[in-house]
Amino acid sequence: MSASSTTNGKTLKVRYFDIEENPTEHYLNAETGLKSWLFTVDHKRIGLMYLASIALFFFVGGVLALVLRTELFTPAENLMTAETYNRIFTIHGAVMVFLFIIPSIPAALGNFLLPMMLGAKDVAFPRLNLASFWIYSIGALFTLASLAVNPIDTGWTFYTPYSVQTGSAVILMTLGVFIMGFSSILTGMNFIVTIHKMRAPGMTWGRMPLFLWAMYATSIIQVLATPVLAITLALLIMERTLGIGIFDPALGGDPVLYQHFFWFYSHPAVYIMIVPAFGVISELIATFSRKTIFGYWAIAMSSLAIAFIGSLVWGHHMFVSGQSELSTVVFSFLTFFVGIPTGIKIFNWLATMHKGSIDMKTPMLYACIFLFLFTIGGVTGIMLGAISVNVQLHDTYYVVAHFHYVMMGGTVMAFLGGLHYWWPKMTGKMYNEFWGKISAVIIFIGFNLTFLPQFIMGSQGMPRRYYSYIEQFQTMHQLSTIGSYILGVGFVIIAVYLAHSMFRGQKAPSNPWGARTLDWMTSSPPAHHNFNYQPVLNNGAYDFHKPIADFTLGIAEDDHGHEHKGEPVKQQEQNA
Amino acid sequence: MEYVTNFFLPSAESTYAANVDALFHFINIVSLILLVGITIAIVYFSIKYRRKSQEDTTPLITHNTTLEVTWTVIPLILILIVFGWGFNDYVEMRTPPADSYEVYVESFSFGWNFEHPNGIVESNNLTVPVATPVRLIMRSRDGDVLHSFFVPQFRLKQDLMPNRYTYAWFEAIRPGEFVYFCTEYCGGGHSMMNGIVHVMDQDEFDAWTEDELGRDLDALPLAELGQLLYTREGCQGCHSTDGSSRVGPTFAGLYMAEREFTDGSTRIADEDYLIESIVNPRDLVNVGYPNNMPTFYGETLSERELMGLVEFIKELQ
């Protein structure tokens, strides 16, 4: 079959390509040996290495969370002293934020998917991409070293002057975070360039999958905000080692300045964590509703709007810090405007489900769980934005619960949905649908049992970061602890059936869900260079009213374009 | 309704608490309506539009301007209401009446001192008259870290910093005892840094003031003076009197016990050792405890006060 496609006023000769099912050669076995992984420049392999790393750190952070919840089962000392408790909640927070959730969707799923969704062979700078992974690994080693030396006890926020005065290994830890920041910046830059320059012929901005719009918005925040974190941590390290007074009042510094610097990065950082999740949810809901996404441009632009407004609201972490009342009022006002684009997204997703053909597979189940939990996370954010109420709720368990509803109920649920959705593409194997749904339900129950009681004890006045507590909070703490164990069981089940599927799972077809984006227009697992043809787009990413075959168009003659220079001969033979 | 209110919030005991609660409930109710709506939509769509066959087709609906404007404008109106409401109450929370009763608050790791206009200094207890605006002028001790003063029942919270003053005010609406917490993480004794705000009738408060002013610290027996200092100076944040281990070793049974130190040496905890370890706490560090006790007690406590603390510890056998 052949056809022609007009793009940018240029007409390309295109034809339909067949996608090979269950190929014997693919990116996983194109090369073998440890070196072929550690020094690969293949974005898919780098994505998988990130996936393995973040799975490890999620496990570490998760076990620490269970240890904390066990200690809090009663107000008395159960497992550890207050000092140990303080170190463990700090490590839980720092590991989950800097080592797990920031790289989770962008670095793991993003690396694997972004070039494929664009119809490209790799990211714009493959070697830089590998460097990002190594920088991340070195940063992680520094943080692990700090645990071996003298585990940090400042909370993941490293507030001064405590972080200047404590005897724990603050410098090693912050150096680790500092280094990992560069990984984040370089990945963001790589993705921005890739999206601008490497889109397949015919992929206009309006035909890009919404996951890519989300990654684009995220990358912009990463590139613009992360340097401020680096500056802040560098200043903190200088203060500790050289005694330069910047943040510590004892040296003539100002602790509120530290908080401004820290949140100038760390508030946008929560959008680094959640915006990619929005992208995943857009893909899941469109595919499993088999329906054109409702309000494509509204969803795409709301990601950018969130990135923009989200950069102007950091002061809402500091309503009672001693910043001026005027700042507090302005930051409160701006904060509410993040709610508008976020609400728009939720309504658009619901409208997409309306009149769809909904297939409640595990990824879609996670998308629905996301909608429910993230809505709770969102409306409690509005609660915290209201200044007078914030005074009561700030630094209580209400904030802890809100943060976990957004980050875990939001990002982690979207990540799990995405992981199941793209699992067949990554591994070439199907996961077990029955156990997938069972564990999703267990996680949903465990999650709510863990964190709903925290809202209540928080508004009742239970402060966060408390090793011990007064007796009136005990019932809520115990419910929360039991919930966390249920949550843990859910994750163990996932680990077991995913591991099982890798070795014993059914072989996955190239497009098990009937999706329309380019990442599915290649075999499962994909070829070494993603596609055995140069894809060309004639349709939008969510044109479910058109047959799938319309989405496998490629350049008819593959040897005239510069894209194919230097490619192995084998590759061309497969195309023929 | 009252049951629901008490489930979510502690009783409202200051003049502005009721306003804060009203906004809290308003946001909760609107949120609940939204959440229920969204949940019903998810469940209803999932069932009604479930996939019946692999050949299902769906209509092409790209957008609907009316609908999209609606779900942009309604939330916009709601957030403006919530902002205005929160702002209005915040102005009240930050504007103490001119004739307020002023209390100086000093926080340190890990305790609180409250100094009244008449010179009474309280430790880890704040006594105030009912129906009187109380303005708190607050600071963390020089060289100390951040703390935060939080009284849930008053809906009051404010951070304290070294080298800078911050302010807060409240007017209690009825007598009672209300717990306060430290809500800015400050280290090992953070969760022990709580105390009680005693709100008294004016008569009772006047009687209490008279009692306190009449007390002559120099005439107190040493052990009683030590007990007073134990709370006022914040010793109890780290050292228990019941044998339990906190940030530092317990005082119970400490006198004449053999202590092991991180440098490998041992020593009997006699009077000389006890005073030494208050004045120069970092010279000999007990095995199993962090080396983080403040070093300024030698300057801030008089000889008699140090003796008082030692006598107090000696009685805890």
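Bear in mind that the values here come from a model prediction, so they are computed numbers and not experimental data.

It is worth spelling out the confidence of the model for chain B at this point. Averaged over every residue, the pLDDT of chain B is 91; residues scoring 70 or more account for 100%. Reported confidences for the modelled complex are a pTM of 0.90 and an ipTM of 0.91.

Here we come to the nonpolar core. All names here are of chain A. Formed by 258 residues in total, the largest nonpolar core has its most connected members in Leu-212, Ala-217, Val-275, Ile-281, Ala-367, Ile-369 and Phe-370. Tallying contributions element by element places helix H3 (residues 82–118) first for this core, with 24 residues. Contact partners of Ile-369, with chain neighbours within four places excluded, come to Met-413, Ala-440 and Phe-444.

Let us now look at the confidence of the model for chain A. Residues shown with low pLDDT carry predicted positions that ought not to be read at fine detail. When pLDDT is averaged across chain A, the result is 92; 95% of the residues are at 70 or more. Per-residue pLDDT stays below 50 along residues 560–576 of chain A; that stretch engages in 13 contacts with residues further than four places along the chain or on separate chains.

In this section: the sheet that holds strand S5 (residues 133–140) of chain B. Residues and elements named next belong to chain B. Read across the sheet, five strands follow the order S3-S2-S1-S5-S8 without closing on themselves; strand pairing throughout is mixed. Two strands bound the open sheet, and with one partner strand each, they are strand S3 (121–123) and strand S8 (166–171). Mean inter-strand twist for the sheet, computed between neighbouring axes without regard to direction, equals 25°. In this sheet, strand S2 (residues 111–115) lies alongside strand S1 (residues 101–108) in antiparallel orientation, the contact comprising five bridges.

Residue and element names in this part refer to chain B. Partitioning chain B into structural domains gives domain 1 (1–39 + 66–95), domain 2 (101–214) and domain 3 (217–314). Measuring from the centre of the C-alpha atoms in domain 2 to the corresponding centre in domain 3 gives 25 Å. Contacts between domain 2 and domain 3 engage 11 residues on the former and nine residues on the latter. Here the residues of the side of domain 2 that touches domain 3 are counted per class, giving four nonpolar, seven polar and no charged.

This part takes up the pairing of strand S6 (residues 147–151) of chain B. Residues and elements named next belong to chain B. For S6, the tally of buried residues reaches five of five residues, placing the bulk of the element in the interior. Every second residue of S6 is oriented toward a common face, with His-147, Phe-149 and Val-151 on one face and Ser-148 and Phe-150 on the other, all of them buried. Relative to strand S7 (residues 156–160), S6 runs antiparallel, the two being bridged by five bridges. Bridge pairing in S7 links Val-151 to Leu-156. Count of turn residues in the S6/S7 antiparallel hairpin: four residues, of which Arg-155 carries a positive phi of about 60°. The pairing of S6 with strand S9 (residues 176–182) spans two bridges and is antiparallel. Paired with Phe-149 across the strands is Cys-182, a residue of S9.

Residues and elements named next belong to chain A. Relative orientation of the contacting elements helix H8 (residues 255–289) and helix H9 (residues 296–309) amounts to 175°, with a least axis distance of 11 Å. Relative to H9, H8 is oriented roughly antiparallel. On the side of H8, the interface is formed by Tyr-271, Val-275, Phe-278 and Ser-282, while H9 contributes Ile-299, Ser-303, Ile-306 and Ala-307. Looking at the contact of H8 with H9, its residues break down into six nonpolar, two polar and no charged.

Residue and element names in this part refer to chain B. Taken in spatial order, the five strands line up as S4-S10-S9-S6-S7 in an open sheet, and their pairing is mixed. On the outer flanks of this sheet lie strand S4 (125–129) and S7, each paired with one strand and no other. Across the sheet, the mean angle from the axis of one strand to that of its neighbour is 20°, orientation sign disregarded. Examined bridge by bridge, S9 and strand S10 (residues 195–200) share five bridges and lie antiparallel to one another.

Reading the values: rules and limits
Residues numbered from 1 in each chain as written. Chains lettered and ligands numbered in written order. Predicted model: local features only at pLDDT ≥ 70, side-chain atom pairs only at ≥ 80, totals over all residues. pLDDT = per-residue confidence, 0-100. Core = buried A, V, L, I, M, F, W, Y, C linked by C-beta atoms within 7 Å. Buried ≥ 20, exposed ≤ 12 C-beta atoms within 10 Å, placed from the backbone. Helix = DSSP H or I, 4+ residues; strand = E, 2+ residues; numbered from the N terminus. Contact = placed C-beta atoms within 7 Å. Pairing = 2+ DSSP bridges. Axes fitted to C-alpha atoms, helices over the stretch in contact; angles between N-to-C directions. Domains from an automatic or database assignment. Nonpolar A, V, L, I, M, F, W, Y, C, P; charged D, E, K, R; others polar. Parallel < 35°, antiparallel > 145°, perpendicular 65-115°, else oblique.

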